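Chains, contacts and geometry: an overview
As a plain string of letters, each chain reads:
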Amino acid sequence: MTDNQRREWVDPDTGYRVVRLSDEPGSSSLYFNYNGYTPEGDILVISTRHGLDKVHMESLHTSTIMRLDRPFKFLFVGLKYRRAYYQTLDDNVIHYVDIDTGKSVEIAQAGLGDIQTINCDETLLGGVQTDPDCKADILRLFENRNKETDQFDYRADWPDGTPMSYADAKEVRLNDRLKAEIPMQMFVIGTADGVRRNVYGSTDWLNHLLFSPTDPNLLM
């Protein structure tokens, strides 16, 4: 088998052509609701075990944006500038890196909040924070991740002790989380001044935040 055959193949069930973009183990693209593309659409940013890489969409060639020797989380790419945003996990600080030059800039302290989105003019970060003192047993459930798949461990049993399928167990755990009515705050952080402002509180499950792609003040 040639290198090219190992890099791309046709899925036998769907007939779609599949192309592997990275040869580095541990490489990962973002979840579907987080933008990974530059505004021009020429670059897709991915994370690796060592930092951030960029995939040049015309050639599908991969090159390095930056290397990090500390734990980090790749957040998203902005909709206005050619910037990839990430969070260093040892100090919970939000940064962006210029995708073309590799220069990194520190923005703000995220504290205990989970940054989930950025508005269309890149002036506000949006996130949520769960009350850390409430329902510690439920919180621990959703902090339990499988290191190999980066997925939550949703395992659960039926009343007779039979293990549930992944889909059934996930439904149970998600319902448990919602019924727990844990207080949460939705907040924004200014990218220019780093000031945090709470905008909404609820005991519903606040998650999957998204700013409007056209209105910088509309947060869903």
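The structure reproduced in this document is the subject of the present report. Treat the numbers as computed from the prediction; the structure is a model and nothing was measured.

Some points on the sheet that holds strand S8 (residues 93–98)
A sheet is described by the order of its strands in space; here four strands give the open sequence S6-S7-S8-S9, paired in antiparallel fashion. Each of the sheet's edge strands pairs with one partner strand only, and the pair in question is strand S6 (72–77) and strand S9 (104–109). Taking the axes of each pair of neighbouring strands and ignoring which way they run, one obtains an average angle of 25° across the sheet. Across six bridges, strand S7 (residues 83–88) lies against S8 in antiparallel orientation. The partner of Gln-87 across the bridge, within S8, is Ile-94.

Section: the environment of Val-199
Inspection of the secondary structure puts Val-199 in strand S15 (residues 196–202). On the basis of relative accessibility, which here comes to 37%, the residue Val-199 falls in the partly exposed class. For Val-199, the residues in contact, after removing those within four places along its chain, are Met-186, Phe-187 and Val-188.

A look at the packing of aromatic side chains
Tallied over the full model, the rule gives four aromatic pairs. With centroids separated by 5.9 Å and ring planes inclined at 80°, the aromatic side chains of Tyr-154 and Tyr-166 adopt a geometry described as edge-to-face. Separated by twelve residues along the polypeptide, Tyr-154 in the loop between strand S13 (151–152) and helix H3 (166–179) and Tyr-166 in helix H3 bring together distant segments of the chain. Overall, the relative accessible area of 8% leaves Tyr-154 in the buried class. An aromatic cluster of three or more residues is present, and its members are Phe-76, Tyr-85 and Tyr-96. Lying across the ring of Tyr-96, Arg-83 places its NZ or CZ 4.1 Å from the centre. Sitting above the plane of the Phe-187 ring, Arg-196 keeps its charged end 3.8 Å from the centroid.

So, the pattern of salt bridges
Enumeration over the complete set of coordinates arrives at eleven salt bridges. Between Arg-82 and Asp-100 there is a salt bridge, with its nearest N and O atoms 2.7 Å apart. Separated by 18 residues along the polypeptide, Arg-82 in the loop between S6 and S7 and Asp-100 in the loop between S8 and S9 bring together distant segments of the chain. Each of Glu-40, Asp-42, Arg-82 and Asp-100 takes part in salt bridges that share partners, so that together they form one network.

Structural notes on the sheet that holds strand S4 (residues 51–56)
Backbone hydrogen bonds hold the strands of a sheet together, and the pairing may be parallel or antiparallel. Read across the open sheet, the three strands follow the order S3-S4-S5; overall the sheet is antiparallel. Each having just a single partner strand, strand S3 (43–48) and strand S5 (61–67) make up the two edges of the open sheet. Between one strand and the next, the sheet's axes are offset by a mean angle of 30°, whatever the strand orientation. Pairing between S3 and S4: six bridges, direction antiparallel. Its bridge partner lying in S4, Ile-43 is registered against His-56.

Some words on H3
Count 3.6 residues to each turn of an α-helix, and residues three or four apart come out pointing the same way. Over its 14 residues, H3 runs 20 Å from end to end, which matches the ideal 20 Å to within 8%, given 1.5 Å per residue. Positive backbone phi, approximately 50°, marks Glu-181, located one or two places after H3.

Considering the layout of surface pockets
Looking at the second largest pocket, its volume works out to about 160 Å³. Those elements that provide at least two residues to the lining of the second largest pocket are S6 and strand S10 (114–118). Among the elements that line the lining of the second largest pocket, the one with the most residues is S10, at three residues. Grouping the constituent residues of the lining of the second largest pocket by class yields eight nonpolar, four polar and no charged.

Topic: the side chain of Thr-191
Relative to the helices and strands, Thr-191 is located in the loop between strand S14 (184–190) and S15. Under the relative-accessibility criterion, Thr-191 is labelled buried at 19%. Within the structure, Thr-191 has its side chain in polar contact with the backbone oxygen of Glu-122 (distance 2.8 Å). Dropping the residues within four chain positions of it, Thr-191 is found in contact with Ile-107, Glu-122, Thr-123, Leu-124 and Leu-125.

Cut-offs applied
Residues numbered from 1 in each chain as written. Predicted model: local features only at pLDDT ≥ 70, side-chain atom pairs only at ≥ 80, totals over all residues. Heavy atoms only, no water. Pairing = 2+ DSSP bridges. Helix = DSSP H or I, 4+ residues; strand = E, 2+ residues; numbered from the N terminus. Axes fitted to C-alpha atoms, helices over the stretch in contact; angles between N-to-C directions. Buried < 20%, exposed > 50% of the residue type's maximum accessible area, 1.4 Å probe, protein only. Contact = heavy atoms within 4.5 Å. Phe/Tyr/Trp six-rings, centres within 6.5 Å; stacked < 30°, edge-to-face > 60°. Lys NZ or Arg CZ within 6 Å of the ring centre and 35° of its normal. Salt bridge = Lys/Arg side-chain N within 4 Å of Asp/Glu carboxyl O. Expected span 1.5 Å × (residues − 1). 1 Å grid on protein atoms, 1.4 Å probe; cavity = no way out; pocket = protein on both sides within 12 Å on 5 of 7 lines; lining within 4 Å. Points joined across faces, edges and corners; volume = space filled by probe spheres on them. Nonpolar A, V, L, I, M, F, W, Y, C, P; charged D, E, K, R; others polar. Polar contact = N/O pair within 3.5 Å; in protein donor to acceptor, adjacent residues only side chain to side chain.

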